[in-house]
There are 2 protein chains.
Amino acid sequence: MPSFRSWHFNFSSRSLISPRPTSLHNLRPVIHRNMTKFTQEPHKLLVIPGPIEVTDEVLYANAHPSMSHMSPDFAKVFGDCIRMTREVLYSKEGQPFLISGSGTLGWDQVSANLVEPGESALVLNSGYFSDAFADCLQVYGAKVDQVKAPVGGAVDLGDVEAALKAKKYKIVTVTHVDTSTAVLTSIKDVAAVVKRVSPETLVVVDGVCSVASEEIKFDDWGIDVILTASQKGLGTPPGLSVLVASPRAIKTFETRSVPVTSYYGSWKKWLPIMQTYEKNTAGYFATPPVNLVYAYHASLNQILHGSVSLEERFARHREVSQRVKVEAEKLGYRGVPLGADVAANGMTALYVPEGLKPTDIVPRLLKKGIVVAGGLHPAIKEKYFRVGHMGVSVVDQSRGDIDKVIAGLKESLDEAKAEKA
Amino acid sequence: MPSFRSWHFNFSSRSLISPRPTSLHNLRPVIHRNMTKFTQEPHKLLVIPGPIEVTDEVLYANAHPSMSHMSPDFAKVFGDCIRMTREVLYSKEGQPFLISGSGTLGWDQVSANLVEPGESALVLNSGYFSDAFADCLQVYGAKVDQVKAPVGGAVDLGDVEAALKAKKYKIVTVTHVDTSTAVLTSIKDVAAVVKRVSPETLVVVDGVCSVASEEIKFDDWGIDVILTASQKGLGTPPGLSVLVASPRAIKTFETRSVPVTSYYGSWKKWLPIMQTYEKNTAGYFATPPVNLVYAYHASLNQILHGSVSLEERFARHREVSQRVKVEAEKLGYRGVPLGADVAANGMTALYVPEGLKPTDIVPRLLKKGIVVAGGLHPAIKEKYFRVGHMGVSVVDQSRGDIDKVIAGLKESLDEAKAEKA
């Protein structure tokens, strides 16, 4: 039971969320009052590409007393979460689905609700998570073709165009940021190609590692589905599958010729529930993760009505990412993405310098209280590691998280080199 | 943002979990130290049949700082949860699956992993949740027959025997406690009939509203699958699907002739992960709900190594249930279950007295700070309501939760009668 061993409380009195003078997105009242505040236990700095560090307010909301999922109080909070999810994506038209589950459940939702058995899907493959999405689609009966990118690269748009011209696809899937390689694919450009070449094909984005750390204009770019999870840019503990579907995607679902091939992930079950909760009244299909919804609500409030605007949040992710990447390369690490145009802003994947292994660096960072992630992409697994920089670690510079990461990268490398010398 | 408005902290210093002198199940060290303790915000008493009231220790664990799901510290906690889940069911052989999701996901797991498309399933139907399980099985291609019980009754064992003799079924499903009616079905007796008449048929128990509030001897009774969720007897916030499969069920899964028909719910994906975590090392398929796993760990520790033994816990549920039912009937309410032998021990479903409606009682209870649940079974929805009595409300008598419920039932009825008079 190490989890209890050293826990205690700290007290401090400060405002929960600072007011921000102006914002286009400030549609709800800003929280601004002094309160005695919960402070989370000191712990190692978690800078993997999700779960990420979360704020005290989010954790305290996760410790909300038990509430009925059918209560009007909870229904209002759930309704807010639906509305605020849209705002993070600059969407007015999208239909959010908030379901108890991991991000992976989003793949099942797409595969079971939008692609009928025997229909074709084109997977734009930029790493480990594209392979897995393809696997999921096939489980539900889709015929999958893939356009593959080299390790560290995004798919070539010419290849995408050629594939779309050669065959009719029900959906195209693209991983916005592949968590295994930190490769960013321009979903705006991909969507534009699809609209031009095969406008009836739905554009499905795996945004697990991009929502709320990369700018996404869901409506403007013509995205049909984006799926994500609570524990990355959205700054909430894991356990909530977050998906937004366009009116066109909903219509595609509604005009299916065969029944949906999942029960738990069925939009037939969930769509009326989401519509009900959006009216701030409760509906029941399966019990939502009530406490986590409170936590998600707290985080969305901080993202949309916190100390920086949504635009500034994305700008800070770009700045911090740039800084981490430049400093790391100065030290001798090398980025996995093949160019700055395909480098994610919420995480960094770094090859260790020649002659070293990730095991020379990662455990040293851990000793300094910095938790990064090992490699995941099978082709390069023994050569690189991954650092996340999303959410509060990026936005609240007073925490010093990024300084600590950069210093850790330097010191660990110095120590490793000294040992080898 | 009502969730933040009145939150604050209370401090008290007491031991987290009291030691218990002897226990067969006390396989792990007892936590016993004084610590400054988190106390949850005062709130309305939640006595619906789940989510239930949870302890401060569980909520505090849910506010654990972010942790990597791949860290050795978390892997050990997850491993403990797997082992302790078995203990709650007196099982040595069962294989637990702990997956981010609601209890409903357990139905998908059974339907997609154990029943191949076109195979037959027999659903013993004792209410709303049996209808839903049948619906789920059909989504995955099962041919479903049902043995139906009258409203408030359990299925007749003679009917079950006749059905099993008339046709070969891959699985029989039984709802241990139907949350819509508070009807308890003797799963021990059902399993015995199945073993005798059709021994190759798997016995699948929906234990969403029974695990940890009703005694279940998984191995001894020959149960093949029990599925449940974190937010009822297990005393944890919602968001964790908990399922245990027998070696026979695992073998049935492993010898399928066609691939599993779900991705997110696939045991092919999850079985190696559960086996890896049980070795206290991390595995990855989809991100587990890390904080909730800490909360579940805290609750399982209290259930297995807390102030009362597991046996005493079940005995207290029976005693409290008896008391609630007797007192309610004295007042003029009438139980939905048709007899004491089919009445659940973790919840009570009550018809309101003649001339009254649930809306005469439930809002009055709410005004007194007592949250009960309305009716759910379509046939009697406007005539009854439901009260949960599980977990800490039952075991920690010093809270006075049950006294408050009984007093509330009396006062609300007196008020309603006075208004009508």
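Residues numbered from 1 in each chain as written. Chains lettered and ligands numbered in written order. Predicted model: local features only at pLDDT ≥ 70, side-chain atom pairs only at ≥ 80, totals over all residues. Heavy atoms only, no water.

J.: Kindly report on the overall build of chain A, identifying the contributing residues and their values.
T.: Assigned secondary structure in chain A consists of 15 helices and 17 strands. Taken over C-alpha atoms, the radius of gyration comes to 21 Å for chain A, in line with the 22 Å a tight globule of 421 residues would show. Once the C-alpha set of chain A is aligned to its principal axes, its extents read approximately 65 × 50 × 45 Å. Residue burial in chain A is summarised as follows: out of 421 residues, 67% are buried. (Helix = DSSP H or I, 4+ residues; strand = E, 2+ residues; numbered from the N terminus. Rg over C-alpha atoms; globule rule 2.2 N^0.38 Å. Buried < 20%, exposed > 50% of the residue type's maximum accessible area, 1.4 Å probe, protein only.)

J.: Tell me about helix H12 (residues 310-331) of chain A, and please be specific about residues and values.
T.: Residue and element names in this part refer to chain A. The first and last C-alpha atoms of H12 sit 32 Å apart over 22 residues, in line with the 32 Å expected at 1.5 Å per residue. On the buried face of H12, the contacting elements are helix H3 (72-88), helix H11 (290-305), strand E14 (347-351), helix H14 (392-395) and helix H15 (401-420). Gly332 lies just past H12 and shows a positive phi near 120°. (Expected span 1.5 Å × (residues − 1). Contact = heavy atoms within 4.5 Å.)

J.: Report on the relation of the copies chain A and chain B, specifying residues and quantitative values.
T.: Between chain A and chain B, the superposition needs a rotation of 180° and an axial shift of 0.0 Å, giving an RMSD of 0.0 Å. Taken together, these values place the two copies in the relation of a two-fold axis. Residue Gly101 of chain A of chain A places its C-alpha closer to the rotation axis than any other residue of that unit, at 2.2 Å. (Least-squares fit on C-alpha atoms with pLDDT ≥ 70 in both.)

J.: Quick one: what's the story with the interface of chain A and chain B, residue by residue and with numbers?
T.: Each side of the interface is counted separately: chain A has 74 residues, and chain B has 74 residues. With both sides pooled, the region where chain A packs onto chain B buries about 6300 Å², and carbon together with sulfur makes up 68% of that total. For Asp135 of chain B, the salt bridge goes to Lys269 of chain A, with nearest N and O atoms at 2.6 Å. Across the contact surface, chain A and chain B share 16 residue pairs in polar contact (both at pLDDT 80 or more). At the level of secondary structure, the elements contributing two or more residues to the side of chain A that touches chain B comprise helix H1 (2-5), strand E2 (34-39), helix H2 (56-62), helix H4 (104-113), helix H5 (128-139) and H11 of chain A. (Buried area = accessible area lost by both parts, 1.4 Å probe. Salt bridge = Lys/Arg side-chain N within 4 Å of Asp/Glu carboxyl O. Polar contact = N/O pair within 3.5 Å; in protein donor to acceptor, adjacent residues only side chain to side chain.)

J.: Give me the lowdown on the confidence of the model for chain A, citing residues and values where you can.
T.: Residue and element names in this part refer to chain A. Summing up the model confidence of chain A, the mean pLDDT is 92 and the portion of residues at 70 or higher is 91%. Note that residues 1-35 has pLDDT below 50 and, in this model, 95 contacts with residues that lie over four places away or in other chains. With a pTM of 0.92, the predicted complex shows an ipTM of 0.92. (pLDDT = per-residue confidence, 0-100.)

J.: Let's hear about the sheet that holds strand E17 (residues 384-388) of chain B: which residues, and what values?
T.: All names here are of chain B. Pairing in this open sheet of four strands is antiparallel, and the strands run E13-E14-E17-E16 from one edge to the other. At either margin of the open sheet sits one strand with a lone partner, and together these are strand E13 (334-335) and strand E16 (373-374). Pairing analysis gives five bridges linking strand E14 (residues 347-351) to E17, with the strands arranged antiparallel. Residue pairing in the sheet places Ala349 in a bridge with Arg386 of E17. Of the strands in this sheet, E13 and E14 are in contact with helix H12 (residues 310-331), which crosses E14 at around 15°. (Pairing = 2+ DSSP bridges. Axes fitted to C-alpha atoms, helices over the stretch in contact; angles between N-to-C directions.)

J.: So, the nonpolar core: which residues are in play, and what are the values?
T.: By size, the foremost hydrophobic cluster in this structure holds 233 residues, and its most contacted members are Phe97 of chain A together with Phe97 of chain B. Leave out the neighbours within four places in its chain, and Phe97 of chain B touches Gln109, Ser241, Val242, Leu243, Ala245, Ile250, Trp267, Trp270, Leu271 and Met274 of chain B. (Core = buried A, V, L, I, M, F, W, Y, C linked by side-chain atoms within 4.5 Å.)

J.: Describe the state of the cysteines, and please don't skip the residues or the numbers.
T.: By the definition in use, this model includes zero disulfides over all chains. For Cys209 of chain A, which is in no disulfide, the shortest distance to another cysteine sulfur is to Cys136 of chain A and amounts to 19 Å. (Disulfide = S-S within 2.5 Å.)

J.: Would you mind going over empty space enclosed by the protein in detail, with residue names and values included?
T.: In total, this model carries eight cavities of 30 Å³ or more according to the counting rule given. The wall of the largest cavity is formed by 16 residues, among which Gly103, Thr104, Phe129 and Val208 of chain A together with Tyr284 of chain B lie closest to the centre. Tallied by class, the residues present in the lining of the largest cavity amount to seven nonpolar, seven polar and two charged. A volume near 80 Å³ is recorded for the second largest cavity. Lining the second largest cavity are 14 residues, and of these Asn62, Pro238 and Leu292 of chain A together with Asn62 and Leu292 of chain B sit closest to its centre. Residue assignment for the lining of the second largest cavity shows that the elements contributing at least two residues are H11 of chain A together with helix H11 (290-305) of chain B. (1 Å grid on protein atoms, 1.4 Å probe; cavity = no way out; pocket = protein on both sides within 12 Å on 5 of 7 lines; lining within 4 Å. Points joined across faces, edges and corners; volume = space filled by probe spheres on them. Nonpolar A, V, L, I, M, F, W, Y, C, P; charged D, E, K, R; others polar.)

J.: Can you lay out the layout of surface pockets for me, pointing to particular residues and giving the numbers?
T.: Put simply, the second largest pocket is a space of about 1200 Å³. Those elements that place two or more of their residues in the lining of the second largest pocket are H1, helix H13 (358-367), strand E15 (370-371), strand E16 (373-374) and strand E17 (384-388) of chain A together with helix H3 (72-88) of chain B. In terms of residues, the lining of the second largest pocket owes the most to one element, H13 of chain A, which gives five residues. Looking at the lining of the second largest pocket residue by residue, the classes come out as 24 nonpolar, 14 polar and eight charged.

J.: Just give me the short version of the packing of aromatic side chains, but keep the residues and values in it.
T.: All names here are of chain A. Throughout the structure, instances matching the rule amount to 38 aromatic pairs over all chains. Pairing Phe253 with Trp267 gives two aromatic rings, centres 5.8 Å apart and planes at 75°, and the pair type is edge-to-face. Here Phe253, found in helix H9 (residues 247-254), pairs with Trp267, found in helix H10 (residues 267-278); they are 14 residues apart in sequence, far enough to count as distant. Each of the two residues, Phe253 as well as Trp267, counts as buried. Seen from the ring of Tyr90, Lys217 lies directly overhead, with NZ or CZ sitting 4.6 Å from the centre. (Phe/Tyr/Trp six-rings, centres within 6.5 Å; stacked < 30°, edge-to-face > 60°. Lys NZ or Arg CZ within 6 Å of the ring centre and 35° of its normal.)

J.: Just give me the short version of the UniProt feature "modified residue: N6-(pyridoxal phosphate)lysine" (unreviewed entry) in chain A, but keep the residues and values in it.
T.: Residues and elements named next belong to chain A. Feature annotation in UniProt assigns "modified residue: N6-(pyridoxal phosphate)lysine" (unreviewed entry) to the following positions: Lys232. Note that Lys232 resides in the loop between strand E11 (225-229) and strand E12 (240-245). By relative accessible area, Lys232 is classed as buried at 6%. Once residues within four sequence positions are removed from consideration, Lys232 is found in contact with Pro49, Gly50, Ile52, Thr179, Val208, Cys209 and Met390. (UniProt positions renumbered as here; feature names shortened; annotations may be inferred.)

J.: Lay out the UniProt feature "domain: Aminotransferase class V" (unreviewed entry) in chain A with the relevant residues and their values.
T.: Taking the numbering used here, the UniProt-annotated feature "domain: Aminotransferase class V" (unreviewed entry) corresponds to residues 59-382 of chain A. Annotated as 42% helix and 17% strand, the span residues 59-382 of chain A places its first and last C-alpha atoms 35 Å apart.

J.: Explain the pairing of strand E5 (residues 120-125) of chain A to me, and be specific about the residues and the numbers.
T.: Residue and element names in this part refer to chain A. Counting buried positions along E5 yields six of six residues, so the element is predominantly enclosed. Residues Ser120, Leu122 and Leu124 line one face of E5 and the alternating positions Ala121, Val123 and Asn125 line the opposite face, and both faces are buried. Alignment of E5 against strand E6 (residues 143-148), held across six bridges, turns out to be parallel. Counted as the bridge partner of Asn125 is Lys148 from E6. In this region the chain leaves E5, passes through H5 and returns to the parallel neighbour E6; the handedness of that crossover is right-handed. Bridge count for E5 against strand E7 (residues 171-175) is four bridges, and the pairing is parallel. When the bridges of E7 are listed, Val123 appears paired with Thr173. (Right-handed = clockwise from strand over helix to strand, strands pointing away.)

J.: Which residues make up the environment of Asp80 of chain B, and what values go with them?
T.: Residue and element names in this part refer to chain B. Within the fold, Asp80 resides in helix H3. When its relative accessible area of 2% is taken as the criterion, Asp80 is described as buried. Considering only alpha carbons, one finds Asp80 and Lys279, 199 residues apart in sequence, at a separation of 9.6 Å. A distance of 3.0 Å separates polar atoms of two side chains, one belonging to Asp80 and the other to Arg83.

J.: I'd like a rundown of the sheet that holds E16 of chain A, residues and numbers included.
T.: Residue and element names in this part refer to chain A. The strand order E13-E14-E17-E16 describes an open sheet built from four strands, whose pairing is antiparallel. The open sheet terminates on both sides in strands that have one partner only, identified here as strand E13 (334-335) and E16. Relative to E14, E13 runs antiparallel, the two sharing two bridges. Following the sheet pairing, Gly335 is matched in E14 by Leu350. Strands E13 and E14 of the sheet are contacted by H12, whose axis makes an angle of about 15° with E14.

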